[in-house]
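Below, each chain spelled out in residue letters.
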Amino acid sequence: MPVRLHINIDHVATVRNARGTRYPDPLFAAHVCEAAGANGITAHLREDRRHIKDDDVDRLRASITSHFNLECAATAEMRAIAERVVPDTVTLVPERRQERTTEGGLDVAAQRHDIELFVAMAKRAGIRVSLFIGADEAAVELAHSLGADQIELHTGEYCHACEPGKLGERAHELERLAQAAELARTLGLEVAAGHGLTRHNVGSVVAIGPIVEVNIGHSVIADAVFMGLEQAVRELRTAIDRHAR
Ligand code: PXP
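For clarity, every value in this text was computed on a predicted model and none was experimentally measured. Positions within a chain are numbered from 1, following the residues in the order the chain's sequence is written. Predicted model: local features are reported for residues with pLDDT of at least 70 only, side-chain atom pairs are reported and counted for 80 or more only, and whole-chain, interface and lining totals are derived from all residues. Side-chain calculation: all heavy atoms of the structure are included, whereas hydrogens and water are not.

1. Some points on the layout of surface pockets
Here the term cavity refers to a set of points on a 1 Å grid, laid over the protein atoms alone, in which a 1.4 Å probe fits but cannot get out; the term pocket refers to an open set having protein on both sides within 12 Å along at least five of seven lines, with lining residues being those that place an atom within 4 Å of a point. Grid points are joined across faces, edges and corners, and a volume is the space filled by probe spheres set on the points. Estimated volume of the second largest pocket: approximately 270 Å³. Taken together, 14 residues line the second largest pocket, and the ones lying closest to its centre are V12, V15, P24, I221 and A224. Numbering of helices and strands starts at the N terminus; helices are DSSP runs of H or I of at least 4 residues and strands are runs of E of at least 2. Looking at the lining of the second largest pocket, the elements with two or more residues in it are α1 (10-19), α2 (26-35) and α10 (218-227). Among the elements that take part in the lining of the second largest pocket, α10 stands out by supplying five residues, more than any other. When grouped by side-chain class, the residues that make up the lining of the second largest pocket number eleven nonpolar, two polar and one charged. Three classes are used, and their members are as follows: Ala, Val, Leu, Ile, Met, Phe, Trp, Tyr, Cys and Pro are nonpolar, Asp, Glu, Lys and Arg are charged, and the others, Gly among them, are polar.

Encoded structure:
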């Protein structure tokens, strides 16, 4: 099975919202990604609606034909939205208003109660639940015990270690990801990965056997500025297929 490629189209909405126009439309971007071979579309509905908005979520749900992964915080507001929209997967992420992007994984222990409420709703509604966590064995075990179907491993630290002169750190981060992924697989969890991935650094991540899905946003939208979105998705697909085990 090839590693599933889910494209996060948030930053198409970032460009749109910068001017308050109706273009570029994240829904159109989603269709281009699907045509270029993406296996799914990911969108993060943040509390402050800085990029994706409620109407985008409704339109994505109504029209995309691949897998729809809705990322959100484990709040009562987002629980109600997910229950109404019924995405294929909901990925619970930590969220802080001041952050530029999602920094670090969920504190599963601290948010245990909110996650349990989300999982209970999702089971009733037939939605898969993925928890976005760091490469931490305790978090993997807790995710499993709370009934998650999948974990998504935060690859931000690995991506930072891909900068020049950090080879040792890079190997260390890959090892941490591999160990957490293996534990998750042993527990019967599906394993995804994401954050900061690019066509240049994704190879070593998808070479980690248990990882069956990657969620990639910022770099592919950045590549699209120069090569077009369809080509950017295709290049990512090629980079993944070259390394996936
Ligand atoms: N996965 C999760 C859970 C995320 O929160 C994000 C960022 O919204 C991504 C993947 C994509 O990260 P990037 O935009 O850096 O590719």
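Next comes the rest of the write-up.
2. Focus on the sheet that holds strand β4 (residues 89-92)
Here, a strand pair is defined by DSSP locating no fewer than two bridges between the strands. The eight strands lie next to each other as β1-β2-β3-β4-β5-β6-β7-β8, forming a closed barrel whose pairing is parallel. Each strand of the sheet is rotated relative to its neighbour by a mean of 25 degrees, with strand direction disregarded. Pairing analysis gives four bridges linking strand β7 (residues 190-194) to strand β8 (residues 211-216), with the strands arranged parallel. Note that in β8 the partner of G194 across the bridge is N215. Residues count as neighbours in contact if any of their non-hydrogen atoms are within 4.5 Å of one another. A fitted line through C-alpha atoms serves as each axis, taken over the contacting stretch for helices, and the angle formed by two N-to-C directions is quoted from 0 to 180°. Contacts between helix α11 (residues 229-243) and the sheet are confined to β1 (4-8) and β8, with β1 contributing the most and set at about 145 degrees to the helix.

3. Details of the state of the cysteines
Criterion for a disulfide: a pair of cysteine sulfur atoms at a distance within 2.5 Å. Here the structure, examined in full by the defined rule, presents zero disulfides. Just so you know, C159 is unpaired, no disulfide at all, and the nearest cysteine sulfur is the one on C162, 5.6 Å from it. What makes C162 partly exposed here is its relative accessible area of 26%. The classification of residues rests on relative accessible area computed with a 1.4 Å probe and restricted to protein chains. Under 20% of the type maximum is buried, over 50% is exposed, and intermediate values are partly exposed.

4. Quick notes on helix α4 (residues 76-85)
For α4, every residue scored as buried is listed here: M78, I81, A82 and V85. The buried residues of α4 all sit within an arc of 100 degrees when viewed along its axis, so they share a single face. Opposite the buried face of α4, by more than 90 degrees, sit the exposed residues A76 and R84. Taken from the residues just after α4, V86 is the one with a positive phi, measuring 50 degrees. Along the arc lie the directions from the helix axis toward the C-beta atoms.

5. Section: the pairing of strand β5 (residues 128-133)
On a regular strand, one side chain projects to one face of the sheet and the next to the other, so that they alternate. The element β5 is largely enclosed, with a buried count of five among its six residues. In this sheet, β5 lies alongside β4 in parallel orientation, the contact comprising four bridges. Bridge pairing links L92 to L131 in β5. Where β5 and strand β6 (residues 150-154) come together, four bridges link them in parallel fashion. Across the sheet, S130 pairs through a bridge with Q150, a residue of β6.

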